Amino acid sequence: MLVNSNTCAWICEHPVDMRKSIDALAVLVEPLFNANPLSGHLFVFLCRHRIRVKILYWDRTGFALWYKRLEGARFAHPGEIAKAGLNMAQLSAWLEGMPIAKSSFKTVNATRVS
């Protein structure tokens, strides 16, 4: 997965049928996220019970699809974070099953090291 500091993850607020393939999910990106599926950002889709997730992304040579199933837990409801997008640290925490708030991660803009 080619991820950089400009990469965002967008979580779909609405459940999606996990039988959908790469092509079917790519078609959903524009109407659900108002985004280009070829942008390099990660598009996250949840099943109705929030135990399975698929992440679709374009990696310069084609689409890739990542799939995870939580055992004995559920992914936190995306709620407000779905509207704002996540950075990779937030996405990683969320994929571990942790509930996160958009304000729980603060960006630090350093100008020098002392």
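The structure we're discussing is the one just above.
First things first, this report covers the structure right here in the doc. (Residues numbered from 1 in each chain as written. Predicted model: local features only at pLDDT ≥ 70, side-chain atom pairs only at ≥ 80, totals over all residues. Heavy atoms only, no water.)

With that settled, consider helix α3 (residues 88–95). Looking only at α3, the buried set comprises Gln90, Leu91, Ala93, Trp94 and Leu95. Looking at the packing, one finds that the buried side of α3 touches β1 (9–11), β2 (42–46), β3 (52–58), β4 (63–69) and α2 (79–84). A side-chain oxygen of the first residue of α3 lies 3.1 Å from the backbone nitrogen of alanine 89; this N-cap is asparagine 87. One or two positions beyond α3, positive phi appears at glycine 97, with a value near 95°. (Buried < 20%, exposed > 50% of the residue type's maximum accessible area, 1.4 Å probe, protein only. Helix = DSSP H or I, 4+ residues; strand = E, 2+ residues; numbered from the N terminus. Contact = heavy atoms within 4.5 Å. Polar contact = N/O pair within 3.5 Å; in protein donor to acceptor, adjacent residues only side chain to side chain.)

In this structure the tally under the stated criterion is 4 aromatic pairs. Their ring planes at 55° and their centres at 5.1 Å tell us that phenylalanine 33 and phenylalanine 43 sit as a pair that is tilted. Placement of the pair is phenylalanine 33 in helix α1 (residues 22–33) and phenylalanine 43 in strand β2, with a sequence separation of 10 residues. Classification of phenylalanine 43 by relative accessible area gives buried; the value is 0%. (Phe/Tyr/Trp six-rings, centres within 6.5 Å; stacked < 30°, edge-to-face > 60°.)

Over its 12 residues, α1 runs 16 Å from end to end, which matches the ideal 16 Å to within 8%, given 1.5 Å per residue. When α1 is considered as a whole, its buried residues turn out to be Leu25, Ala26, Val29 and Phe33. Along the axis of α1, the buried positions cluster into a sector of 105°, meaning they face one direction only. Summarising the geometry of α1, the exposed residues directed more than 90 degrees from the buried face are Asp23, Val27, Glu30 and Pro31. Of the surrounding secondary structure, the elements contacted by the buried residues of α1 are β1, β2, β3 and β4. Asparagine 34 sits one or two positions beyond α1 and adopts a positive phi of about 55°. (Expected span 1.5 Å × (residues − 1). Arc of directions from axis to C-beta.)

Our next topic: the environment of lysine 20. Relative to the helices and strands, lysine 20 resides in the loop between β1 and α1. Counting along the chain gives 34 residues from lysine 20 to lysine 54, while the straight-line C-alpha distance between them is 9.6 Å. The contacts of lysine 20, once residues within four sequence positions are left out, are Leu25, Leu28 and Lys54.

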